[in-house]
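Fold and contact review
Each chain is listed here by its residues.
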Amino acid sequence: MKGSIVKQLALMTSIISTTLVLAAQTSPAPKPAGTAAKPAAKAPSTNQPDVGQRKFDANCGRCHSFPEQLSPSITGTVVRHMRVRANLSAEDEKDILRFLAP
Amino acid sequence: MTATSLLMRLKEGLIGPNTTWILSILLLLAILGSKADAQNTPLISGGVGFLTTTNGGVTALQPVIAPVAAVPLGEHLLVESRAYISDFIAPKNGNSGPYEGDFFAGLQYLQLDYLATPKVTLTVGDFLTPFATYNERLTPIWISNFQDAPLIFPIGIQNGSSVGVMLRGNAYSDHHVRLNYAGYFSVSSDVPQFTGERASGGRFSMYLPDKRLEIGVSYSRLLQGQQGNSEGFDVWWQPYRVPLAIRSEYAHGPHSQGYWVEAAYRLSQWNGPDSWLGRLEPVFRMQQTFRDSPGQDQLPAVNTQRADFGLDYHLPHEVRVNTSYSRQFASTGNTNIWETTVTYRFLFPAWKGRSK
């Protein structure tokens, strides 16, 4: 009885994981209205990243990657949350906000 | 056991079906944040995941959702909270018998942040204890490289969160160095959802942006029951041009001490971070704990060594698969631990924001 339940759960896990993997690999990234892709500042004409990007990489980016979808309506909230969590100054907050929502 | 699960079990009073509490608080935050301006709409973020663990031949399963709510209020205030809802499904008798679910839901923190000056933030409420780095930065299931928290994780954090007041911010910064601090005082609290212990402590760190090197020291003193000090030391190094992250912590508590060192190298230098190979991230963690005296500090009862070998895969659309094999050595017995985690990170406005 126990063995069959474990097998069923393991099978279910495998199916869910495989579905997620396949879906993520094959489907194009959805771009709902009102959401922003990575800011233009991520691909500047020169190789010199701007101040905001540097600060994002040096603080927020040390723990997690850039969100794939970021609605412009929450950029201020995201950065304020990071200001508290990463001990950013008000100046850092402004620079990163300018990078996220140019 | 994941850090979040551990915290939930440590926090007495949180275990139980408390979804009404969570929904009530989220609703209150939504009402408070309804005056947000164009970029400051309240948000819902967090992670949802499915965790499997096979420890010593016993398999456990755990579906988890850990939503974060952040609600800015005006120019200087932020209310933020993280909930943890999961069902831990494991054999009823520990390692045999039918499987049984152990549901719990509760808040991990609920805090009000006041941005007092450009470099000082005052926090009140139930906040994550600022000891070392893991508790504040790596406990979200969509961030951590391993499903399990480090063995020394319980040292210095009391219940994971503290109830009281915290002062934190940036003491000094220029292009070459940043000095950050966090100090807190916590009161003893038996209030359900907001349990805390009387304690004080903090963390001070120096970060060198040019080198991407951070060194931090932490201190915590428990001021109730069997009073005791805990000290911590942490080093993070993430060189700019190499996708390598080395993180480490050492902690010394009243009854035990230990360390962990983790290295993660994402293969993004092969055909870019979006190639199938560039999405792979091998991870290795070494950890040891040393028992100095008997005590209930949630660390292993005997000296323990553990090596964790992980292989993580970063899929598109914020989906991530973490797999790991660990071998744990202790005089009480050696064990193999296999773990798999599938997580999805979400981030969206709580409602449609106002236009500019």
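Within chain B, the secondary structure is distributed over three helices and 16 strands. Considering only residue pairs separated by 6 or more positions, chain B has 58% of its internal contacts joining residues 24 or more positions apart.

The helix and strand inventory of chain A stands at four helices and zero strands. Ordered by position in the sequence, the α and β elements of chain A form the string α-α-α-α. Within chain A, the proportion of its 102 residues that are buried is 35%. Taking contacts inside chain A between residues at least 6 apart in sequence as the whole, the part at least 24 apart equals 68%.

Before going further, it helps to examine the nonpolar core. Core analysis: the largest hydrophobic core is formed by 22 residues, its most contacted members being Val79, Met82, Ile96 and Leu100 of chain A. Where this core is concerned, the elements lending two or more residues are helix 3 (75-85) and helix 4 (90-100) of chain A together with strand 2 (58-73) and strand 3 (77-91) of chain B. Counting residues in each nonpolar core, the second largest holds 16 residues, with Ala105, Leu110, Phe127 and Ile141 of chain B among its members.

Here we come to the interface of chain B and chain A. The interface of chain B with chain A comprises 46 residues on the first partner and 38 residues on the second. At the level of elements, strand 1 (43-55), strand 2, strand 3, strand 4 (99-117), helix 3 (134-138), strand 6 (161-173), strand 15 (319-330) and strand 16 (335-349) of chain B are the ones that each hand at least two residues to the side of chain B that touches chain A. Along the lines of polarity and charge, the residues of the side of chain B that touches chain A split into 24 nonpolar, 14 polar and eight charged.

What follows deals with the packing of helix 3 of chain A against helix 4 of chain A. All names here are of chain A. The interhelical angle for the contact between helix 3 and helix 4, taken along N-to-C directions, is 145°, at an axis separation of 10 Å. Like other packed secondary-structure pairs, helix 3 and helix 4 cross with a definite hand, here right-handed. Contact residues: Thr75, Gly76, Val79, Arg80 and Arg83 in helix 3; Glu93, Ile96, Leu97 and Leu100 in helix 4. A per-class count over the contact of helix 3 with helix 4 returns four nonpolar, two polar and three charged.

Burial in helix 2 (residues 51-58) of chain A covers these residues: Gly52, Gln53, Lys55, Phe56 and Ala58 of chain A. Against the buried residues of helix 2 of chain A lie helix 4 of chain A.

Further remarks concern helix 4 of chain A. Three or more residues of helix 4 of chain A are buried, namely Asp92, Glu93, Asp95, Ile96, Leu97, Phe99 and Leu100 of chain A. Those residues of helix 4 of chain A hidden inside the fold are in contact with helix 2 and helix 3 of chain A.

Residue and element names in this part refer to chain B. Here Gln298, not a glycine, exhibits a phi torsion of approximately 70°, which is positive. Position of Gln298 relative to the elements: it lies in the loop between strand 13 (280-291) and strand 14 (304-314). Of note, His317 is a non-glycine position whose phi angle comes to about 60°, a positive value. Inspection of the secondary structure puts His317 in the loop between strand 14 and strand 15. A residue is classified by how many C-beta atoms lie within 10 Å of it, and His317, with 17 of them, is partly exposed.

Here we take up the environment of Tyr99 of chain B. If you trace the backbone, Tyr99 of chain B turns up in strand 4. For the pair Tyr99 of chain B and Thr59 of chain B, spaced 40 residues apart in the sequence, the C-alpha separation amounts to 9.7 Å.

Glancing now at the confidence of the model for chain B. Residues and elements named next belong to chain B. On average, residues of chain B score 89 in pLDDT, and 89% of them reach the 70 mark or higher. Across residues 12-17, confidence stays below pLDDT 50; counting only partners more than four residues off in sequence or on other chains, it has 13 contacts. Overall fold confidence (pTM) sits at 0.83, and the ipTM for the predicted complex is 0.86.

All names here are of chain A. Look at helix 2 against helix 4: their axes get within 7 Å of each other, and the N-to-C directions meet at 105°. Relative to helix 4, helix 2 is oriented roughly perpendicular. Residue-level inspection shows Val51, Gly52, Gln53, Lys55 and Phe56 of helix 2 in contact with helix 4, the latter providing Asp92, Asp95, Ile96, Arg98 and Phe99. Classifying every residue of the contact of helix 2 with helix 4 by side-chain character gives four nonpolar, two polar and four charged.

Residues and elements named next belong to chain A. With respect to the secondary-structure elements, Arg83 resides in helix 3. Sequence-wise, Arg83 and Phe66 are 17 residues apart; in three dimensions their C-alpha atoms are separated by 16 Å. With near-sequence residues (within four places) excluded, Arg83 lies in contact with Leu88 and Glu93.

Before going further, it helps to spend a moment on the confidence of the model for chain A. Residue and element names in this part refer to chain A. Overall, the prediction assigns chain A a mean pLDDT of 67, with 52% of residues at 70 or greater. Element-level mean pLDDT values for chain A span from 45 in helix 1 (residues 2-26) up to 93 in helix 3. Under a pLDDT of 50 for its full length, residues 1-7 has, in the predicted model, seven contacts with residues more than four places off or in other chains.

Conventions adopted
- Numbers given to residues run from 1 along each chain, matching the order in which its sequence is written.
- Just so you know, chain letters begin at A and ligand numbers begin at 1, following the order they were written in.
- Whole-chain, interface and lining totals are the exception, using all residues; otherwise, since this is a predicted model, local features are given only for residues with pLDDT of at least 70 and side-chain atom pairs are given and counted only at 80 or more.
- Per the convention used, a helix needs a DSSP run of H or I reaching at least four residues, while a strand needs a run of E reaching at least two, with both numbered from the N terminus.
- Working definition of a contact: two residues with C-beta atoms, positioned from the backbone, lying within 7 Å.
- Between the buried cut of 20 or more and the exposed cut of 12 or fewer other C-beta atoms within 10 Å of a residue's own C-beta lies the partly exposed class, and all C-beta atoms are placed from the backbone.
- Nonpolar cores are built from buried Ala, Val, Leu, Ile, Met, Phe, Trp, Tyr and Cys residues. These are joined into a set through C-beta atoms within 7 Å.
- In the scheme used here, Gly and all other residues not listed as nonpolar or charged are polar, with Ala, Val, Leu, Ile, Met, Phe, Trp, Tyr, Cys and Pro taken as nonpolar and Asp, Glu, Lys and Arg as charged.
- Helix axes are fitted only over the stretch in contact, all axes being lines through C-alpha atoms; the angle between N-to-C directions runs from 0 to 180 degrees.
- Two helices that cross are described as forming a left-handed crossing if the nearer one is turned anticlockwise from the farther one by less than a right angle, and a right-handed crossing if clockwise.
- As a per-residue quantity, pLDDT reports the predictor's confidence and falls between 0 and 100.
- Convention used here: angles under 35 degrees read as roughly parallel, angles over 145 as roughly antiparallel, angles from 65 to 115 as roughly perpendicular, and any remaining angle as oblique.

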